[in-house]
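# Architecture at a glance
Spelled out from the first residue to the last, the chains are:
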Amino acid sequence: MTNVITDRGGKNMLLAAAALAMFMDGLDGSIVNVTLPTISRSFGGDAGSVSWVITIYFLMMAGLILIFGKISDGGAIKKVFTVGFLIFSLSSLACGLSTGLEALLVSRAIQGVGAAMLAASALMLCVKYYPPGRLGFALSIVMLGMTVGAAMGPALGGFLVHLTSWHWIFFINVPIGLIAIAFALRAIPADEGLEKTSFDIKGSVLLFITLASGLYLVEAAPSAGAGGLTAPAASVFVASLVLFIITSRRSPVPVLNLELFRFKGFVATLLSFVLINACFMGALYLVPFYLDLGMGFNPMTSGLFLLIPSAVIFPLSARLGRLSDRTERRAFVVAACAMMAVFMIIYSMMTPEMGYAPLIIALVSMGLVWAIGGGAATSRIVENVPKSESGSASSLMSFTMYFGSALGTVLFAAFFGAGAGSKGVEFSQMTLTTFLDGFHLAMIIGLMLSLIALVLAASVNEKKRH
């Protein structure tokens, strides 16, 4: 077990490095949202195919983060962190230089590999090096980096597209990444006592196939039904899932520790966390298009409005993370889910004729979700398993964060397409009425998921259990 850092300067530098990594992860998970119409016009792709620029990033992260989590947990945190930033920076350059959608998707997938390394090691830094009594505060700061990055992504993307071109949403990562590598070399303690880590290669491949086929089903089924590739994809999903479970049970070092699911509190908190991420990222995927087509905003104006969640998160997240350390976590996560339901209700009824007020209230509510519940939701996942399993729980928490983001993107895109009847059609070619039909349906689905997340969060009472 790695020694806990006790000096204040060392802890602050460690948190800064971890928060920067998660900020870049969150930023590049969402920065393309506001630029999707521009990318679609540039490459001639429809809205559905271009949405995979987002999905493939989260898919690679979800599929690989557990592997890099095991490497980090085995004592190679610093190596995983610094190499991850290097891959992330170089692939960002390749994304910006892409001349076709296929090349962009390949570069984006490689970027997801680097992002998975960053996410796995960044959260592990807190679990391994930070005092347990301050874990909620540490994770709230790291989650602050991720959520602010995710919230600022569309805003920054809008500014860059308005002033330059969509290529610069990737180019800006290169100098930041190089600076971050130099900082991490000083901030993170040297790797000691490296363990020889065994990998469940078969399980990892089966997990990735399960995720990819499952996400395809979520995107295709609402509009295609049982036609097209839906039935073959369903067969692949079921077969790979069954084989993955069998393989994981037989492997001495499974990529996903299924034994954690014996703990009911852990399962409930984990599922709630998945839904929070799915609903937040799903809404964040569609809102920029509402600002464009519904409100008639240019990218610059959209960017200013999409800074509102970040403005809410900044002053509140750390304070409420500390407060959750001193009290029970449940109330914070339940309140966050309630805020999620609030913005889903507003979005499910909102029209441009209503003006700015409901839009601003909804954006403030989006910020409150992570300001109130970010640190508490992540901390209670780790705290609902035995201490000996905290490393595995941390990796699984990272996995569910990005799986939830990928799931939310494809789920909201799927129900938007089903409601609008717009599969294969660019957003710029849609009428406002058609757009709102799809937008409202997706948000109604999001409201249902928000209420499920609330019930799951409320079902775990850590205070009573202890």
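Residues numbered from 1 in each chain as written. Predicted model: local features only at pLDDT ≥ 70, side-chain atom pairs only at ≥ 80, totals over all residues. Heavy atoms only, no water.

## Looking at the packing of aromatic side chains
Where two aromatic rings form a pair, the distance of their centres and the angle of their planes describe that pair. What the rule picks out here adds up to 19 aromatic pairs. Ring centres of Phe58 and Tyr402 lie 6.4 Å apart, and the angle between their planes is 20 degrees; this geometry places the pair in the stacked category. Of the two residues, Phe58 sits in helix 4 (residues 52-97) while Tyr402 sits in helix 16 (residues 390-420), which places them 344 residues apart along the sequence. One aromatic cluster in this structure is built from Tyr290, Phe343, Tyr347, Phe416, Phe435 and Phe439. The side chain of Arg108 reaches across the aromatic face of Tyr57, ending 4.2 Å from its centre. (Phe/Tyr/Trp six-rings, centres within 6.5 Å; stacked < 30°, edge-to-face > 60°. Helix = DSSP H or I, 4+ residues; strand = E, 2+ residues; numbered from the N terminus. Lys NZ or Arg CZ within 6 Å of the ring centre and 35° of its normal.)

## Quick word on the layout of surface pockets
By volume, the largest pocket amounts to about 550 Å³. Around the largest pocket sit 23 residues that line it, and Thr210, Leu211, Leu241, Phe399 and Phe403 are the ones nearest its centre. In terms of residues, the lining of the largest pocket owes the most to one element, helix 9 (residues 201-224), which gives 7 residues. (1 Å grid on protein atoms, 1.4 Å probe; cavity = no way out; pocket = protein on both sides within 12 Å on 5 of 7 lines; lining within 4 Å. Points joined across faces, edges and corners; volume = space filled by probe spheres on them.)

## Concerning helix 11 (residues 264-294)
Its 31 residues give helix 11 an end-to-end C-alpha distance of 43 Å, which sits within 8% of 45 Å, the value for a rise of 1.5 Å per residue. Counting buried positions along helix 11 yields 26 of 31 residues, so the element is predominantly enclosed. Once helix 11 finishes, Gly296 follows within two positions and takes phi at roughly 75 degrees, a positive value. (Expected span 1.5 Å × (residues − 1). Buried < 20%, exposed > 50% of the residue type's maximum accessible area, 1.4 Å probe, protein only.)

## Remarks on a nonpolar patch on the surface
A cluster of nonpolar side chains, Phe199, Ile201, Val205, Ile209 and Val236, forms an exposed patch at the surface whose accessible area comes to about 410 Å². The element that contributes the greatest number of residues to the nonpolar patch is helix 9, accounting for 3 residues. (Patch = residues over 30% accessible without salt bridge, like charges linked within 9 Å, V, L, I, M, F, W, Y side chains within 5 Å. Areas by Shrake-Rupley, 256 points an atom, 1.4 Å probe, with all protein chains shown as cover. Salt bridge = Lys/Arg side-chain N within 4 Å of Asp/Glu carboxyl O.)

## Describing the environment of Phe435
Within the secondary structure layout, Phe435 lies in helix 17 (residues 432-458). Accessibility expressed as a relative area gives 0% for Phe435, which makes it buried. In sequence terms Phe435 and Arg319 are 116 residues apart; their C-alpha atoms lie 39 Å from each other.

## Some remarks on empty space enclosed by the protein
It is the rolling of a water-molecule-sized probe over the atoms that shows where space remains empty. Evaluation of the coordinates by the stated rule reveals 2 cavities of 30 Å³ or more. By volume, the largest cavity amounts to about 80 Å³. Lining of the largest cavity is provided by Gly26, Phe58, Met146, Thr147, Ala150, Asn277, Phe280, Met281, Trp370, Tyr402 and Ser405. For the lining of the largest cavity, the secondary structure elements donating two or more residues are helix 6 (135-163), helix 11 and helix 16. Residues of the lining of the largest cavity, tallied by class, amount to 7 nonpolar, 4 polar and no charged. (Nonpolar A, V, L, I, M, F, W, Y, C, P; charged D, E, K, R; others polar.)

## Re the packing of helix 1 (residues 8-30) against helix 4
Across the interface, helix 1 lies against helix 4 with an axial gap of 11 Å and an inter-helix angle of 165 degrees. As judged from the angle between their axes, helix 1 and helix 4 are roughly antiparallel. The element helix 1 and its partner helix 4 pack so that their crossing is right-handed. Along its contact with helix 1, which presents Ala17, Ala18, Leu20, Ala21, Met24, Asp25, Asp28 and Gly29, the element helix 4 presents Ile54, Tyr57, Phe58, Met61, Phe81, Phe85 and Phe88. (Axes fitted to C-alpha atoms, helices over the stretch in contact; angles between N-to-C directions. Parallel < 35°, antiparallel > 145°, perpendicular 65-115°, else oblique. Left-handed = near helix turned anticlockwise from the far one by under 90°. Contact = heavy atoms within 4.5 Å.)

## Examining a positive patch on the surface
Residues Arg134, Arg319, Arg322 and Arg326 make up a contiguous surface patch of positive charge. Note on placement: Arg322 falls in helix 13 (residues 308-326). (Lys, Arg positive; Asp, Glu negative; His and termini not counted. Charge placed at Lys NZ, Arg CZ, Asp CG, Glu CD.)

## A closer look at helix 13
Each full turn of the α-helix corresponds to 3.6 residues, which orients residues three or four apart in the same direction. Taking 1.5 Å per residue, 19 residues should reach 27 Å; helix 13 reaches 28 Å between its end C-alpha atoms and fits that length. At Leu316, helix 13 shows its maximal bend, which comes to roughly 45 degrees. (Bend = angle between axes of the 7 residues up to and from the residue.)

## Points about the side chain of Ser302
Topologically, Ser302 is positioned in helix 12 (residues 299-305). Setting aside its immediate chain neighbours within four residues, Ser302 contacts Leu291 and Phe297.

## Re the confidence of the model for the chain
Residues with a pLDDT of 70 or more make up 90% of the chain, whose mean pLDDT is 84. Here helix 18 (residues 462-465) stands out as the least confident element of the chain, with mean pLDDT 58; helix 14 (residues 330-349) is the most confident, with 95. (pLDDT = per-residue confidence, 0-100.)

## Digging into the packing of helix 13 against helix 15 (residues 357-383)
Where helix 13 meets helix 15, the axes come as close as 7 Å, and the angle between the chain directions of the two elements is 25 degrees. If you check the angle between helix 13 and helix 15, you find them roughly parallel. For helix 13 against helix 15, the interelement crossing comes out right-handed. Facing Ile308, Pro309, Val312, Ile313, Leu316, Ser317, Leu320 and Ser324 of helix 13, the residues of helix 15 in contact are Ile360, Leu363, Val364, Met366, Gly367, Leu368, Trp370, Ala371, Ile372 and Ala376.

## Here's the deal with the pattern of salt bridges
Scanning all chains against the criterion turns up 1 salt bridge. Residue Glu259 pairs with Arg262 through a salt bridge whose shortest N-O separation is 2.8 Å. With a relative accessible area of 55%, Arg262 lands in the exposed category.

## Here we look at the environment of Val106
If you trace the backbone, Val106 turns up in helix 5 (residues 101-129). Taking the C-alpha atoms as reference points, Val106 and Ala94, 12 residues apart in sequence, are found 9.2 Å from one another.

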